[in-house]
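# Remarks on the overall topology
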2 protein chains.
Amino acid sequence: MPGQSLISRTFAVLESVAASGSATAREVSHQLEIPLPSVYRLLNELTAHQYLVHLKAEGRFELGPKCFDLGLSFRQRLLAPSPIRQATTELHRTLQAASYFAMYRGADIVLTYLSDCDKHPRLRPLRFGFHEAAHATAFGKILLSGMTREQRSSYLEARGMPMLTPYTMTRQELLHAHLETVSTRGVAWEHEEFLPRTTCAAVPVRNGTGMCVGSLAVSMPTAKVLGRESQIETALREYAGRCSRFLRAG
Amino acid sequence: MPGQSLISRTFAVLESVAASGSATAREVSHQLEIPLPSVYRLLNELTAHQYLVHLKAEGRFELGPKCFDLGLSFRQRLLAPSPIRQATTELHRTLQAASYFAMYRGADIVLTYLSDCDKHPRLRPLRFGFHEAAHATAFGKILLSGMTREQRSSYLEARGMPMLTPYTMTRQELLHAHLETVSTRGVAWEHEEFLPRTTCAAVPVRNGTGMCVGSLAVSMPTAKVLGRESQIETALREYAGRCSRFLRAG
DNA sequence: CACTACGTTCTCACCGGACGAGAACGCTGC
DNA sequence: GCAGCGTTCTCGTCCGGTGAGAACGTAGTG
């Protein structure tokens, strides 16, 4: 029984090695329940293609240089353009808060830049390329509110609405209604729906035709937000305006 | 005729998309000379595994999040430990020159950290994960000189000794002899053998048993090196000593 | 509106190559 | 000498990849 398709197996092996950082053929064979000769075939093939390296001295396999190349290509393709990175960084400095830029990518919502520092660190799960939990993040809400109702429904159905904190919205009806007001107000707040004790805010970035194509956001400890709401919204709008202007021009 | 193995084809498709950044099925089919239905099968499989994404609106395929994950795993596995990164950074500051740390990885010689800045930029081809042209770089010479003669020969035969500048050593005999003196002097200089108008120097980093396991290096415009040779060697030895001490301890 | 070009998915009969049990070889450590 | 591991072969079975071709929807054009 050839378990699954050859390609599935190949990537399963690759990811198994990636997950353990370093693995022997036997370990992979045990973990994936694939017979040893088959594992060797796959490992050797992956090694030949430079996706793995074989450390002969230790009898172990590790990730090869092509993996890093793929990562670079991905990053290069997705990284927000320089003026947007700059606006995000300035927002970070102005509000003394980690700041983020996200956009659509096909059916996905992806973080394509973030600016933080030791004093104002990003929220741990968030990183370049992050593409989950749109229902529970401020930038996610902005971009969800820019979709048609059908797109949004199919997005939420495909990914679910996992409860991340007691305040996470986990019912579509609730979220749809919430996004109505987000859309009319032009700003999304997220109060401890993604991480405890953390509040985020986001505003849309629009292209030449006025369509929402991106979202600029900040995160802060909830304690530091009180009383600053309008200041935060003003700064977000200011820098989002710069982004939109760039998109109109380019 | 199934061209090559399925796995080869799969990675060829993946790399084709990576290279163009974004591609349609037809483009891939043309470039790789694989019939369209087969390309679609592969693209869909890769998409299902999140190594590609399908931008339905534009009918294009691009790299998916798993590619970035692989890159991260690779980086995490290979990145030099913090004390070594720190020593490399301080060397950079002390000598006002881009500095590098490289080590063995199986049969390979890999750059696992580098420290530079706008004023003292790294040599363009050099980046984290760089693993070529050991015969023409200072850190490469150090690590080649730490191999047995057989290891070195098979290394050089497998990768060749391409001429990168008029001064690149392209004959094994010459290099073997040169590495003799590198080994006894404990320092490797590289004068415009890798890039024109650029000089590099490197020293070994040793583990508890005295074996050479890594190399610390700097690069500078040749014009800035004259008369500073001994100062450079002293600084290299100083910081390499710190690295060695760390390796003896850990 | 017909017409073309493209993106995408099916169908289907063929057959190459993946499959895995098992054995074998070399090496290390006890 | 023996056990355990890493690694590679062998070999008969049969699964699943293969690609020409057709079909469907859609976007753009004249």
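Residue numbers run consecutively from 1 along every chain, following the written order of its sequence. Chains and ligands are labelled sequentially in the order written, the chains with letters from A and the ligands with numbers from 1. Only residues with pLDDT of at least 70 are given local features in this predicted model, and only at 80 or more are side-chain atom pairs given and counted; all residues enter the totals for whole chains, interfaces and linings. No hydrogens and no water enter the side-chain calculation; it runs on all heavy atoms of the structure.

### Thoughts on the overall build of chain A
Formally: Per the convention used, a helix needs a DSSP run of H or I reaching at least four residues, while a strand needs a run of E reaching at least two, with both numbered from the N terminus. Relative accessibility under 20% of the residue-type maximum defines a buried residue, over 50% an exposed one, and the middle range a partly exposed one, all with a 1.4 Å probe and only protein chains included. Here, residues are in contact when the closest pair of their heavy atoms is within 4.5 Å. We count Lys and Arg on the positive side and Asp and Glu on the negative side, and we leave His and both chain ends out. For the purpose of locating charges, the reference atoms are NZ of Lys, CZ of Arg, CG of Asp and CD of Glu.
Counting secondary structure elements, chain A contains 9 helices and 7 strands. Referenced to the eigenvectors of the C-alpha coordinate spread, the extents of chain A come out at roughly 65 × 40 × 35 Å. Expressed as a percentage of the 250 residues in chain A, the buried residues total 52%. Long-range contacts, defined as pairs at least 24 residues apart, comprise 56% of the intrachain contacts of chain A with a sequence gap of at least 6. With 29 positive and 22 negative side-chain charges, chain A shows a separation of 5 Å between the mean positions of the two kinds.

### Some remarks on the relation of the copies chain A and chain B
Definition in use: Least squares is the method used to superpose the copies, on C-alpha atoms of residues holding a pLDDT of at least 70 in both.
Under the fitted operation, chain A is carried onto chain B by 0.0 Å of movement along the axis and a turn of 180°, and the coordinates agree to an RMSD of 0.0 Å. Accordingly, the operation relating the two chain copies is best matched by a two-fold axis. When C-alpha positions in chain A are compared against the rotation axis, the closest is assigned to glycine 71 of chain A, at 2.1 Å. Comparing interface residues between copies, 100% of those in chain A also sit at the interface in chain B, which points to an isologous, same-surface contact.

### Looking at the UniProt feature "domain: IclR-ED" (unreviewed entry) in chain A
Worth spelling out the cut-off: UniProt positions are given in the numbering used here, feature names are shortened, and annotations may be inferred rather than shown by experiment.
Within this structure's numbering, the places UniProt gives as "domain: IclR-ED" (unreviewed entry) are residues 66–250 of chain A. The straight-line gap between the two end C-alpha atoms of residues 66–250 of chain A is 33 Å; of that span, 44% is helix and 21% is strand.

### Quick notes on the sheet that holds strand 5 (residues 188–191) of chain B
All names here are of chain B. Counted only if it meets this: If DSSP finds at least two bridges between two strands, the strands pair. For every element, the axis is a line fit to its C-alpha atoms; helices are fit only across the contacting stretch, and the angle between N-to-C directions ranges from 0 to 180 degrees.
Ordered in space as 4-3-7-6-5, the 5 strands form an open sheet in which the pairing is antiparallel. Of all the strands in the sheet, just strand 4 (108–115) and strand 5 have a single pairing partner and so form its edges. Within the sheet, the average angular offset between the axes of one strand and its neighbour, ignoring direction, is 25°. Relative to strand 6 (residues 198–206), strand 5 runs antiparallel, the two being bridged by 4 bridges. Paired with tryptophan 189 across the two strands is alanine 201, which belongs to strand 6. The strands touched by helix 9 (residues 229–249) are strand 5, strand 6 and strand 7 (212–221); relative to strand 6, the strand with the most contacts, the crossing angle is about 30°.

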